[in-house]
Structure formats: structure tokens, C-alpha cells
Number of protein chains: 4
Amino acid sequence: MAGNSFGKVFKITSYGESHGKAIGVVIDGCPAGLKLNTDLIQQDLDRRRPGQSKIVTQRKESDTVHVLSGVFDGVTTGTPISMIIYNEDQKSKDYSHIADKFRPSHADYTYQAKYGVRDYRGGGRSSARETAARVAAGSVAKQLLEAEGIDVFAYVSQVGSIALQRPYHEIDRSQIENNPVRCPDSSVAQEMEALIREVRKDGDTVGGVVHGVITGCPPGLGEPAFDKLHAELAKAIMSINACKGFEYGSGFGGVTMRGSQHNDVFEKVDGKIVTRTNHSGGLQGGITNGMDIYFRAAFKPVATLMKSQQSLDQTGKKVEIEGKGRHDPCVVPRAVPIVEAMAALVIADFLLRNRLTRL
Amino acid sequence: MAGNSFGKVFKITSYGESHGKAIGVVIDGCPAGLKLNTDLIQQDLDRRRPGQSKIVTQRKESDTVHVLSGVFDGVTTGTPISMIIYNEDQKSKDYSHIADKFRPSHADYTYQAKYGVRDYRGGGRSSARETAARVAAGSVAKQLLEAEGIDVFAYVSQVGSIALQRPYHEIDRSQIENNPVRCPDSSVAQEMEALIREVRKDGDTVGGVVHGVITGCPPGLGEPAFDKLHAELAKAIMSINACKGFEYGSGFGGVTMRGSQHNDVFEKVDGKIVTRTNHSGGLQGGITNGMDIYFRAAFKPVATLMKSQQSLDQTGKKVEIEGKGRHDPCVVPRAVPIVEAMAALVIADFLLRNRLTRL
Amino acid sequence: MAGNSFGKVFKITSYGESHGKAIGVVIDGCPAGLKLNTDLIQQDLDRRRPGQSKIVTQRKESDTVHVLSGVFDGVTTGTPISMIIYNEDQKSKDYSHIADKFRPSHADYTYQAKYGVRDYRGGGRSSARETAARVAAGSVAKQLLEAEGIDVFAYVSQVGSIALQRPYHEIDRSQIENNPVRCPDSSVAQEMEALIREVRKDGDTVGGVVHGVITGCPPGLGEPAFDKLHAELAKAIMSINACKGFEYGSGFGGVTMRGSQHNDVFEKVDGKIVTRTNHSGGLQGGITNGMDIYFRAAFKPVATLMKSQQSLDQTGKKVEIEGKGRHDPCVVPRAVPIVEAMAALVIADFLLRNRLTRL
Amino acid sequence: MAGNSFGKVFKITSYGESHGKAIGVVIDGCPAGLKLNTDLIQQDLDRRRPGQSKIVTQRKESDTVHVLSGVFDGVTTGTPISMIIYNEDQKSKDYSHIADKFRPSHADYTYQAKYGVRDYRGGGRSSARETAARVAAGSVAKQLLEAEGIDVFAYVSQVGSIALQRPYHEIDRSQIENNPVRCPDSSVAQEMEALIREVRKDGDTVGGVVHGVITGCPPGLGEPAFDKLHAELAKAIMSINACKGFEYGSGFGGVTMRGSQHNDVFEKVDGKIVTRTNHSGGLQGGITNGMDIYFRAAFKPVATLMKSQQSLDQTGKKVEIEGKGRHDPCVVPRAVPIVEAMAALVIADFLLRNRLTRL
């Protein structure tokens, strides 16, 4: 009810504030018998970690994960998996100057309006630091999916106006992690990085697009009516901080097409039913047809600027917000593992839910 | 779990197939004491109804709603509100020719793959006829919201490549229902209608965009982390048949902006906290700030064509799908009340959930 | 949230008031592929139906069930199964005299206190008529369980002070339906019936006990911590109108035993692990061990008397409640199919949930 | 789905195994603005703690609670409250001898049957150590209830055959914590303690009864149909390890009463509606009427004996279970704070849910 859980079968509950003692997550519903590799969880967390490159925030956090329960002798037992990440860089004093101020386009005002009280340090619960919990849980989901031959990956396809023009099936996936932007084309990545450095120099920020891809889903995942797979995926992705838009398959581009162009013709290839085109993005009626699922997520420019801004305080008085702190000039490089995590959580959940479908 | 419920407090469960006995919905969680106007529910259903104009499907359904429970002497009692719409035009014979065929870009194949059995008549449960249940429930939600001064409306802003260029706050809302397309600009509406007639003549279909607006929300609606208001709204809208994309506020356009442009500066106007711009689309950290919520939803061209198409049957054999039946050349005119309904359900749910926030 | 749904996977939502248009239920989560026999559903409803014998209420209802969705060619499709029972004997005028009065030990006062408005006709939603919806849904669950070799049955083991002394495994199950009380021992049944007739003659009512048994459960059903099978079963049974107590296995009698007597020793018999005794009632740590589950449920005497009673009206003024209407002198004969239904719903839900346990 | 969460609005998720790193709980849904006293949480944990007296297990745990999130400057913020208790006495070696054995009437066999893998150390997740998480969460619920004038308490009313004969409203509540048994009558408590010492000397265990009382509930708490307050309470209490039976109000004793005796007549006393008797146990139709709620819970004798027992191992081979370790000869003294916690969680949940009832 209070918004901190996600999933129905593979269900996670996340907790923690930016400058509290810890961030954590409890997974209730991971099946027993999964050999869990905690190194892989840490690797995913390292991809989201602050300070990983020059173009992200320099907050000092090792983001070391500790598995507290639900795993015995390296194997999941079917009981809740609790994972915790202690906050190490809690410079609370940094935030006293904004204790009663509402930073523009942050959640300071809305949390105050909602709760009447808030942990103002670094945005408290509204901080994107909460996504570390998602990445840890998503990494467990990924390991579950891997056992089923399902693969989830994401990459940066746009920063500001610099866009990768190739479709997802023409990229070289092995290049994604080879640059700090996480764009699979090294020359476009360089342009993107240059842009990020430039806006950072201006004390400004810029938006971007992350592309997500899911391959290897068997046909039949997803539920009718309200819990269509793409609807749940939209929710999952749009719940990531700064996300403003989501489209899958033909997306907004499909609007201008005719049905006769857009329809994906079924064919039998090597004894398997496939579609000739894939404008459906692997989903028909919200249920997988076995083709790739692909989607795009739009991220707005980060709200924290290294520039002075006008605003109001809690009494409604005009105040100046100073531009200081350690923040990301562009959110998308670090959003990549978060997008993967949320997508993996959705698919893991539907994979398990699909076991309930038939007698 | 099986996907046919929506909402956490104002919770609906929908049932029914296109050519079964009835379509219906149960609302569990509507507060007691609401004076319910069933004429308004019928009015909303009439806006979604087949046969309402020349540019929509001519299936013959009066879509008359019957309220079976939860209302006494015209007032809700807090117990479940059950509403039923009997199917009147169940021409099952029309569908025998496709009993074992998979229509391209329909859910025939995916339902078969998922369930191993399906009601093939008119798409069964996957038919957009299910949305009648949503409209009925959404109309109850609207009446709840009206009592709180919250208003939800939608309109067609694009058909194929013909787009309304004005932003939502410059349209004349009273014009929306004055034309069969539901576009608030009569001259653009005429172009759209002409395009729809043209594609219909070709036996083809075309996509479109629906714009949705919610005004009058108090600050504080929405929940942190996973149940951000816009995330739930994205799910709600994307769960509508044929929807391929969702964006709110600056949306995909926000990607190319700088933070210094995108940030919405707080101001106090007439003693009330507002923002100078509204790129945030009324939401910061997933919680309402009191400004208008606005969003766009992309709809693909309808999959049913009046043209012959190649496909496969259940045995994997190549078959021809004939172009016959009664279908919409463009879904967006009838999608308008559905978008309103889903948006109203989301807001009603968060409005009630917000009662749980403080001591 | 509003209390009208039960189950997590095999989930039902019930609606309807005693004197409204209909009582109904939607099952969301019944797997596809179940051959559904509606005659069996009707048979269970007939066992709960008013007027079935001289010792139950003479309200005139055929309680005919109509299946509106989710079944195609006699087989469940995995989509919601909606079932409706129209109310035929809605003598609303009978109830005008108690419109503003609070009947003792009924829910009139508490519903008024909760909702501020209520359908006072026959208790509205609080009427035991609601249980018809449970019986219909439970009958579907039973058919699902039968396919797995699981059997659920119940019988009356006590009326007032007249108790059947034999344990459940010594009764002749085929005798249960051979008398109107549903007690498997015909001579005890006659005593019970005589007592019921006697209290009815006095215009009074009397309580009773229903015994429930579930056989054939595979080991492993139930969940740890909060959703122990017996905990969910307790909730299910205690949610039946007039139920005041629940115990399983050794129950309250186990309190005075020593651990060395109570512990059930494991043995291997015919290659199968069993326990020598079964004080555990088939459940250890809330999870089935393959032995029979058995439980007892206490029902208080029905609150509606054919005697005049003192009470208050909504203004707090003293009033007389006249003893008229058509009601049950003892609830347990009709409670038997309701207990079976609720138990079957619990087991069906856990049976499906157990599919999620292992990789 | 996997059973480790409880509550709908005031929702808790518990994790941890007996001999893992920690036991913990996340509360999602505690309203903002509650002044939280962590000393009171610790006090309740101390009442459940091992080693608190000579008649309970001597396992060495300080059970120190750490609040990790959701509280800022001593006040709840509306975000998840995470509490953790590290396990200090993890003598894993003690358990190697039973790694592949099924202890009689423990959950060893059923967990193995369910999951195919288990943490055998001290029962793993099935250990009553898990209830520490419940007590911590329940203590937060109690503080919420206290602010509303609602009081929850419990006491031991029976050990073996030694029973306190007085009804709950005639006890001296201040005496409950004055003896290690938690029976409010010191002379009965002494008899109980003597019995517990005697069975311990025999290497045996004995059952007991805990009585629970909730005072100060406003009328209107509880939901119709399935979520009747007493049904949820039954589930909550029955989910506590070793609980075999639950009754409220007249309970099993009500079975032999006539309706004319059992009905609680409404009266107006000092301008307030009350009932002359309270066989209803404060609940009519599952909804509070403002009178006291009272209930009894039966606990079986603890399964761990200090005697040698016959059993089977995982291969089905006969084995001897040695009687060693540190365990409780009788569970009820330590069950008292757990019963209070579960009852408080139920009431807190319904108190919040009741905010959703009216327009």
C-alpha cells in the first residue's frame, strides 16, 4: 500500500534513506534451489555505484552487499532473502542548509506536503540511492532468469540530442560496458561523454534515453487485462527516478503506421512459430510470443544543479538554492543496471506467475 | 495474480469475454456515502459504445449497465458494487472460420500458448470489449473525484500523421465531444475523420495519440519508490488494448533539455505554492505537487483488417485470414473514455491511499 | 482491502446483499483446462439452500447458479469465472419495521457505526446469504482438488450439548447427507434434530459444532511464518457467519498433554513417510506432512429469535424487536457445505502457491 | 505469496533464520508523525527474550534491536521502518547431528518436502526465533494504538491442567509481569511454575493457554465477509508457532447456549451504546461494537524434548533423536508478548483500513 514493494510472486520490499544507516531489500518469493552468486550481485551494484567513473557523482560508497538470510550453503532456501548495504558516506552536515528549503523539481515539497515530516538529508527516501536495493534484487532475478535462458540487458541510446541511430539488434552488445556512458558504439559514446562533461562544466545536467532488451522469453508470459507484461514493465521502468516516458515495440512511431504495415505476420521457421517483423515488441495482448521484447525509457535531466537557483522554503519565503554537493550531470549511464534490474524483476515475476496458468 | 484486478484500495475486478454472456466489474473499496448517478455511468459507456458514429465498429450493443449491489437508495454502502453489461450481439457463427487460426498481431497465438485453450470468438477475453467494464468502474471513480474537485479528461491529439499542435492548456475542452473523433479542434478533427474514412475504405487501419489531463489534485497523492503516481498511471494506460507508449510532463521531449531549463521553479501565487513551468507534469518524486498532470498515450493501428492476410493455424499450417467482421479503422476515438476511466481509477486509488499517510 | 476477496492465487471476490438483485462471485486465478461440472456446483448450493428441510429457514430461493464467463465448451479458460445467483424472494417490505433498529447480536449497529449508511433489508451484506457465493466458488475449488486426489468434507458433530463422540476417522461418511442435520450417526442425528425442533418451538436458537476433514494433500502445502496452512484455514472458517472458535489436530485438548505424548513419531509404511499418531492434524510448521487435516469449528446460536427482544434504535431510543421472519433455529446443518467450501478454497490456493516453491 | 508478510496497510515483512546472521522486519505502512520510543520496543523484545528466567530456554541472545530506516529525529516519516536483530549465539555445530534427521512434530520433514533444501540449524526459518521480528513490529503497532487509546494485553491462563478460573475482567493486570509465567494470579502462577519445573526435570514439555484482551477499540473496525476482525485475528494468532486453537467471546462454550441467552442486549449508558453482556467478544458481523475484544489461544507442548526419540532421516532410515540443546519446557510464558504483538498488528491494520470506509 505504501509503495515500497514490487512484484506479486517474486516480491521485493525496499527500505532505507540516502543518509540513514542502510539501504536494503527483502525478496520474498524467490524459489528454493537457486545457486546464488553474490559476486554477480556485487558486480551489478558496482555498475550503479557512485564514483565508478569521472562522469558520475563522486559520493564515496563501496555499496558492499551483505546477504543476511534465505541462502544456505550458497543455495536459496525459499525463505526471504534479505540484503543490506550500509551507507558509508553520510555527510549529514552537508544538508543542514536545505533542511527547510524546497529544491526545484526534487521531491522535497511533495514529501513535505504528503507526510508533514521528512528526512531532508540528500532527499531521504526520494533519493536515487534507493535504487541500489533494486539492483541487488534485480541481480538475483537475473540469475533466476539465466537458468531459464532469458537474458536482460540495457544500454544508453541517447544523451541530450546525441542519439545512437542503429536498432537494438544491430548493436555490438560486448561494447556496452567498454565506456563510461554505456553506449555500445564507441564513437557515439565519445560524443555523449563529451556532452556530459560539457554540461557538467556549466554546472548543468542533461537527459537521455535507455534502451532495454529481453531475449529468450518463452511464449505465454504476461497476464490478460490489467497485468499485461508491457503494462507492468512500463510501471517498473517509470518508477525509476527521473523517468518520464516509456514505449515498447513500435511505440510512438507506430502511431503513423497503417495496420497492414504494422501487423507482424506469423511464420514457421525451423519448426518454431516466429513473426516476420516485430513491431509488437514480443508481446501480443500483453503476453509474450517468443520474439524479443524491446523498449525505450526517457530520462529527464537531473534536478540537482551546480548553479544557484531560486526557490521557496517551508514557510513560503523566497530562498536561494546554492549549487553544491556531488551529483550526476546525466543519469543514464548509472540508470542502465537499474533498468536491467527492474526489467528482470518483471520477467521473473511473470515467469513464476505463468506456472499458475494451467491445470 | 491472474491480471484481472486493478487498484489497491479502490479495487476493481473485471470479467467477461467478447462473445460470452456478459461483461462485468466488481468494485471493492468504494467508500460509503457517495451519491451514485447511474446515468453518468451510462453516458460514459455510450462514449465507448460500438455504433456511436460512422467511423467506429458497427457491432450492435446497447451496452446497458445494471448495478447489482453496493448501492442502496442511490447511495454507495461501502460494500462491493457489482455492475453488469449483457452481451447482446453474440454472433458466434461469425468466428468459426478463425477457430484454429492465429490472426496477425492479435492475441490468438499468445493466449493459445499460455492457456492451451481459448474462447476464440471475437478474441474472447483479449477483446477490447473488456474495456466496457473499465469505463463503468472508471465512471464511479470520476464521481468520487468530482466530489473532491478533481477533474479527468482526455481527447484525441493525433491520428496517423495528423497532429493537433496546441498544448493541452490551450484547447477548448467543450469541443471534444462535438465531433466523432473527439479532437477539440474542429478543423483538425475533420482532417482526422477524413483520414480514418480513407484508411477504412482501403480496408486498413491507422494509429493515434490520446492526450489525458487531470486537474485539481491536492499535493501529496502518490507513493514513494515503486508506486509513484506516474508509474501506476503508465501501467493503467498501457494496459489498454493497442497502447504502445506513455509519457507525462516533458516526456521524451525532456531528454534534450538541460536541467536549468527543465527545473520547475517554485513560486507563491495568491498564497498557494505553484511552479512557474510544469515540465514535471504535476509530479515530483512520483507525488502530486498540485499542478496539472498531463500525459500522452500512443495507440498502434488496429490489427483487424478488411484485407486478406497470410498467417498460420494451430498446427503451424499456412492459412489465409479473410478480412471480414465489424471493426474500428482507428481506435483512438473510442479510447478517449477508456483513458479517462483508467486515469480516474488511478487517482481515486491514490486519493484514498493518501488517507493512510499520516498519524 | 475492503474484505470481499479471499485467496491469493485462487482468488475470489464476492458481492451482493440479502435483498438486492443478486449474489455473485468472481474467481480470478482458476487454472485453464479444468472440466467444470456446473451440476456439481448446483448440488453444493442445494445443500446450503433455504427450504431444503423442515429444520432450516423457509425463505424461498432456488439459488440457481449462472456461469457468465471463464468457461468455454465446458472447460475453464484461465480467465475470470463469474457466477451469479439472482435473489428471488426479496420481500423488502418485511424489513421496514427494523429499518432504524439495531437487532441484538446482529451486525446492524456495527455496520451503521462503520459506514454511516446500510442496506437494512435482511442484514444486507452482513446476511449469511453471502455464503452462497462462497459455496459456488468452493465447489469449483473442490473440482480442482478432486483432479489432484484431494478430498474435503464436513459434518455436524455437535448441536447444543448433543455431541457425536466418535473421532472423524471412525464415522461413516456416506451417512452425512442422509439426515437433515448432516450428522453421520443417524441416532445422534435424530437427537440433534429433536433438539432443533424443540428450540424452534420455543422461538429460540442453539449453537453447534462442525467438523471438517481434508484428505489426500501431498506434503509441502502451506507457507512459513504468517501464511501457515492452519492459520489461513482458521481465518477462512472463522469468517463464516456465527463462527466463534477454531481448532485443528489436538486443538485445545493438546494443552494438557506432555510433549512426549503429543509428538507424532515418523514411520515408513509401504515406502511412504507417515506419522504413528496425528496430533499435528496433518501440519507441522504450518505445512502439510501428508496426513489428514482435521479441524473443529464452533458456531454460536443464531441471533434472530422468534421472540420479542429489547434493543435500541439509531437514535438510541429503547425499542422492541418483534420475533418474525423466516430463520434458522440452528445454523450448523447449512454451515456444512460452507465449511467445505472455505476449506476447499484454502487448499486450492495453497496447492497452486506451492507451484512457486522450487526452481 | 511466500508467507512472510502480514497486514494490508500496516504491513510487515519478516526475514531471518534461527542460526543465520540476523532476524529482521520491515514495516511498510506505518503513518508518518508517530513519536517512536525504541526503548519500548526493546522492553517487549526483552519479554520474549531467551534466558529471561529459569523456566525458559537459556540460549544466549541479547536481542538488541536496531532501527535502520523510516525514523528521523525520533519520529516516523511514513517510509519503511526496518529493524534488525543480529543473532549472537549461532552455535551451528550443535546442529550437525540432526542435519539429515527429521525431529518428530518439528517442521524438518515438511520443509524438506516443500523446498527440497533447508537450513537445518535450529529449525532455520521454522524456528520460533522468527517471532522476535513480530514482537519488534508489534511494539511499533502498540505505540500507534496507544495514541488512539487502544490497549492490547495478554497473559497465561492455563499451563497443562492448571487453569486460572477468573474471567479476564476480574484479573489484576499489574500482576502479569510479576512472575516468570505471566499469570496474573500469583498463587496460580506458582502452581504453573512448579509444573513447568517438573516437566522440565522429566525432559518433557507441556502446553498452555494464553488469554488476549483488546480494550478501547472504537466501533467500526473490521471488514465484512472474509476480513472480519476476528477472522484476521484468528489467522494472526494461529500463525504463532505451536498454536492449535483460537476462540473469542463465548467461543466453544457458546455452542451449548440458547440464542436468547447468548444475544447481547444493547443499552445506552452515559450516552454511549453498550451491550449488557458481551458474549460477542466486542465483534458483531466481524466489526467492533466498542466493547472489549477477548480471546483464548491454545498452545501445544513444545516438540523439542530432552529425551531420546525415535524418528527417520532423509533417506527414510530409522534414527534416534537425542535429547539435547536449550529449549523451553513450556512455550506460553514467552508467547505472551508474541500474542500481544500479533493482536496489535491486526488492530493497527484495521484501524488504518477503517479510514477508507466513508466518503
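Definitions and cut-offs
- Residues numbered from 1 in each chain as written.
- Chains lettered and ligands numbered in written order.
- Predicted model: local features only at pLDDT ≥ 70, side-chain atom pairs only at ≥ 80, totals over all residues.
- Heavy atoms only, no water.
- Contact = heavy atoms within 4.5 Å.
- Buried area = accessible area lost by both parts, 1.4 Å probe.
- Salt bridge = Lys/Arg side-chain N within 4 Å of Asp/Glu carboxyl O.
- Polar contact = N/O pair within 3.5 Å; in protein donor to acceptor, adjacent residues only side chain to side chain.
- Helix = DSSP H or I, 4+ residues; strand = E, 2+ residues; numbered from the N terminus.
- Nonpolar A, V, L, I, M, F, W, Y, C, P; charged D, E, K, R; others polar.
- Core = buried A, V, L, I, M, F, W, Y, C linked by side-chain atoms within 4.5 Å.
- Buried < 20%, exposed > 50% of the residue type's maximum accessible area, 1.4 Å probe, protein only.
- Least-squares fit on C-alpha atoms with pLDDT ≥ 70 in both.
- Phe/Tyr/Trp six-rings, centres within 6.5 Å; stacked < 30°, edge-to-face > 60°.
- Lys NZ or Arg CZ within 6 Å of the ring centre and 35° of its normal.

Overview of the interface of chain A and chain B
At the junction of the two partners, chain A supplies 111 residues and chain B supplies 111 residues. Of all residues in chain A, Lys114(A), Phe226(A) and Lys244(A) bury the most surface against chain B, accounting for 11% of the area lost on that side. At the boundary of chain A and chain B, one finds six salt bridges. Of the charged contacts, one joins Asp227(B) and Lys235(A) as a salt bridge, the two residues approaching to 2.9 Å between their closest N and O atoms. At the boundary of chain A and chain B, one finds 53 residue pairs in polar contact (both at pLDDT 80 or more). Among the elements that line the side of chain A that touches chain B, the one with the most residues is helix α2 (residues 108-115) of chain A, at seven residues. When its residues are assigned to classes, the side of chain A that touches chain B shows 43 nonpolar, 44 polar and 24 charged.

Structural notes on the nonpolar core
The biggest cluster of nonpolar side chains holds 376 residues, and the ones touching the most others in it are Phe10(A), Phe10(B), Phe10(C) and Phe10(D). Not counting chain neighbours up to four residues away, the residues in contact with Phe10(A) comprise Ile27(A), Asp28(A), Gly29(A), Cys30(A), Ala137(A), Val140(A), Ala141(A), Leu144(A), Leu345(A), Ala348(A), Asp349(A) and Leu352(A).

Remarks on the relation of the copies chain A and chain D
Of the two same-sequence chains, chain A is brought onto chain D (RMSD 0.0 Å, axial shift 0.0 Å) by a rotation of 180°. Such a combination of turn and shift is consistent with a two-fold rotation axis. In this assembly the copies share their binding face: 100% of the residues contributing to the interface of chain A also contribute to that of chain D.

A short note on the relation of the copies chain A and chain B
Between the two copies, chain A and chain B, the superposition gives an RMSD of 0.0 Å; the rotation angle is 180° and the shift along the axis is 0.0 Å. A share of 100% of interface residues in chain A that are also interface residues in chain B marks the association as one of identical surfaces.

Description of the packing of aromatic side chains
Two numbers describe a pair of aromatic rings. These are the distance of the centres and the angle of the planes. Across all of its chains, the model carries 34 aromatic pairs over all chains by this definition. Ring geometry for Tyr168(A) and Tyr294(A): centres 4.9 Å apart, planes at 25°, overall stacked. Here Tyr168(A), found in the loop between β10 (162-163) and α4 (186-201), pairs with Tyr294(A), found in strand β17 (residues 293-299); they are 126 residues apart in sequence, far enough to count as distant. There is no split in this pair, since Tyr168(A) and Tyr294(A) are both buried. A connected cluster of aromatic rings, assembled from ring pairs, spans Phe102(A), Tyr109(A) and Phe266(B). For Lys114(B), the ring lying beneath its charged end belongs to Tyr115(B), and the centroid distance is 5.8 Å.

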